[in-house]
Structures are given as structure tokens and as C-alpha cells.
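Residue-level structure breakdown
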Amino acid sequence: MPEQVDIDHLRRWIGTEEAADDMLTPGLASRFSATLGLPAQEYRTGVAAPRLIHFCLAQPIVPTSTLAEDGHPARGGFLPPVPLPNRMWAGSDIIFAGDLIVGEEVRRVSRISDVAVKPGRTGTLCFVTVDHRITGASGGSINDRQTIVYREATSAPARPAETAPAGSTVQSIDPQPTLLFRYSALTFNAHRIHYDHPYATEVEGYPGLVVHGPLQATLLLHLAASEQGGRAPDGFTFKSVSPLYSNEALCLHAGPRTGDRMDLWSARPDGPFAMQAQARWT
């Protein structure tokens, strides 16, 4: 383990909690739907909000002057001060218990549940697991176990060589910089790899702007719902496998539903898995 990663120090953050409140406004629901190209709907007060809109709610609010070079909040505070420079959302395991409702107040309570260090192909990796509970005033709730991965400063991770299979349903999306910019704005995410091309390519070593993992996940979840006549899943798990960039097409794949489950994945045409996901119904 590299000397600069003091795992005993970082594990002191386990059990740390943070809470925040927000309003799920009709405007937010409409902007979310328009950004993602979801079926047209009037999001008036009292209707169910689209799934995974909670990624846009109760985000930490920090002054611009305190952001680090990469656009993330400075290290420390709620999240442990992992010294590895590059940070990505590795995946989530989400359970929905009812819907969040447009027009209601929403509360997020987050807790650090684990910190671990492992070797990776590109060097040392540090995984921070955060349990988020999001509840709406009307009683709907979401449990979202999120994994954040930090890695050493290297060139962009090598992508697997194996080509992902084609799903029984395939949708093609053009991830233009405008889509990435709007999604960053919705989620109050200032990470520069999603909108600052010189930073993404010259500093972090990517070949282009990086397509957000949660953006891909949201598109996949809504593909799963459309495959089931509009019925959103009750559980959803996703993990990032390799990066996708805005200068290449994004294909969303859905396999057939088997029992209460459906496998989904994203990839560039004739490329490897970018994200793997599974929708579950009860």
C-alpha cells in the first residue's frame, strides 16, 4: 500500500453523517425529463417524480471559491480526505419504497459505511461506501448505497478489449457536450471532466469529455421501465466498468426480463461494457 494512503486515518470517517433538505419542484422534474428526453408529461404538484431524480436533490452546497482544481469540493469534511487525486462514482445499489412526489420537501441523510484500499490495474484504489436515505414528506423513500472510487493520477483507464453483446432492445444516444453540461447543472456537479475539454484531456488524460456514470444509469433505468410498459423497477443496481466519451455514440442495451430481473448495459458501438446494471421488480 502506498505510503501516502493512511487507511487507519481514513477509516475514522466511518459512521460520519450528513443531512440536507430540498424541494422537489415541478420545474426540476420538467428540466430533468427534458434533459434526458423522457416521454412528455406535465409534472404538476402531486404527481410521482421520475426515478433517479434524487441524484439532483439535496446536493452539498459549497462556495465556488472552495472547490478543488478538479471541480469537486475540497477534501475533508463529510467525505474522508483521500489523497488520491482522481475521483469517480463507481456504482450504486438502490431500493425504492414508494415514489418521491413533485412539490414535496425531500430530506437526505448520508452515512459513511466503509473505507477500503485495494490494488488496481492503474495503481492504488480507495473505495468509500456511502449509504444515502432519501425520504419525501409524503412517505416515499429511497435507500442508495453508493460507492466512490479514488485512483492515482495516471492516463485514462484502459478499456477492456472484449466487445459487449447486443441486447434484445438497443437505443442509440448522442452524448453531446450540451447533454453533459445540462446534467452537470441539474446535479450541481462541477467535476470538470464532464464539461471542460482541455482539463479532461490535458490534466486527467481522457480522450474527451467523460459521460457521467449516473447519467448512463438514469437512461438505463428508464429504458427498463419503458420495456415494462412504463412500470419503474423497485430496485436498481449499477456499476461503471469503463469510460464513455462525448465524441462517440452511446448505445443503451436491455436484455429480456427473466423472472423479476432485467440486465441492462451501455457501450459504444462494437465496444466493451461501459456500465452494467440490473433492474428488479417485486
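Preceding this paragraph is the structure being described.
About the thresholds
The residue count restarts for each chain, going from 1 along the sequence in the order it is written. Given that the model is predicted, a residue must reach a pLDDT of at least 70 before its local features are reported, and side-chain atom pairs must reach 80 or more before they are shown or counted; all residues, however, enter totals for whole chains, interfaces and linings. Each side-chain value is derived from all of the structure's non-hydrogen atoms; neither hydrogens nor water enter the calculation. Strands qualify as paired when DSSP identifies two bridges or more between them. Helix and strand definitions follow DSSP, with helices as H or I runs of at least four residues and strands as E runs of at least two, each counted in order from the N terminus. Under this scheme, a helix contributes an axis fitted over its contacting stretch, all axes are lines through C-alpha atoms, and angles between N-to-C directions fall in the 0 to 180 degree range. When checking whether two residues touch, look at their non-hydrogen atoms; a contact exists if any pair is within 4.5 Å. Of the grid points, spaced at 1 Å and generated over the protein atoms alone, those admitting a 1.4 Å probe that cannot get out make up cavities, while open sets with protein on both sides within 12 Å along at least five of seven lines make up pockets; any residue with an atom within 4 Å of a point is treated as lining. Grid points are joined across faces, edges and corners, and a volume is the space filled by probe spheres set on the points.

**Concerning the sheet that holds strand E7 (residues 235-240)**
The strand order across the open sheet built from ten strands is E1-E3-E4-E5-E2-E7-E10-E9-E8-E6, with neighbouring strands paired in antiparallel fashion. Every other strand in the sheet has two partners, leaving strand E1 (17-23) and strand E6 (169-173) as the edge strands with one partner each. Averaged over all pairs of adjacent strands, the angle between strand axes in this sheet comes to 20°, irrespective of strand direction. Here strand E8 (residues 250-254) runs beside strand E9 (residues 261-267); their pairing, made up of four bridges, is antiparallel. Bridge pairing in E9 links Cys 251 to Ala 267. Those strands touched by helix H5 (residues 213-227) are strand E2 (86-97), E6, E7, E8, E9 and strand E10 (273-280), and its axis lies near 40° from that of E8.

**What about the layout of surface pockets?**
Vacant regions in the atomic arrangement are exposed by a probe of water-molecule size rolled over the atoms. Each pocket or cavity is described by its volume, and for the largest pocket that value is around 1100 Å³. Around the largest pocket, the lining is made up of 42 residues, and of these Gln 59, Pro 60, His 72, Pro 73 and Arg 87 lie nearest the centre. Looking at the lining of the largest pocket, the elements that each hand over two or more residues are E2, strand E4 (123-136), strand E5 (141-151) and H5. With four residues, the top contributor of residues to the lining of the largest pocket is E5.

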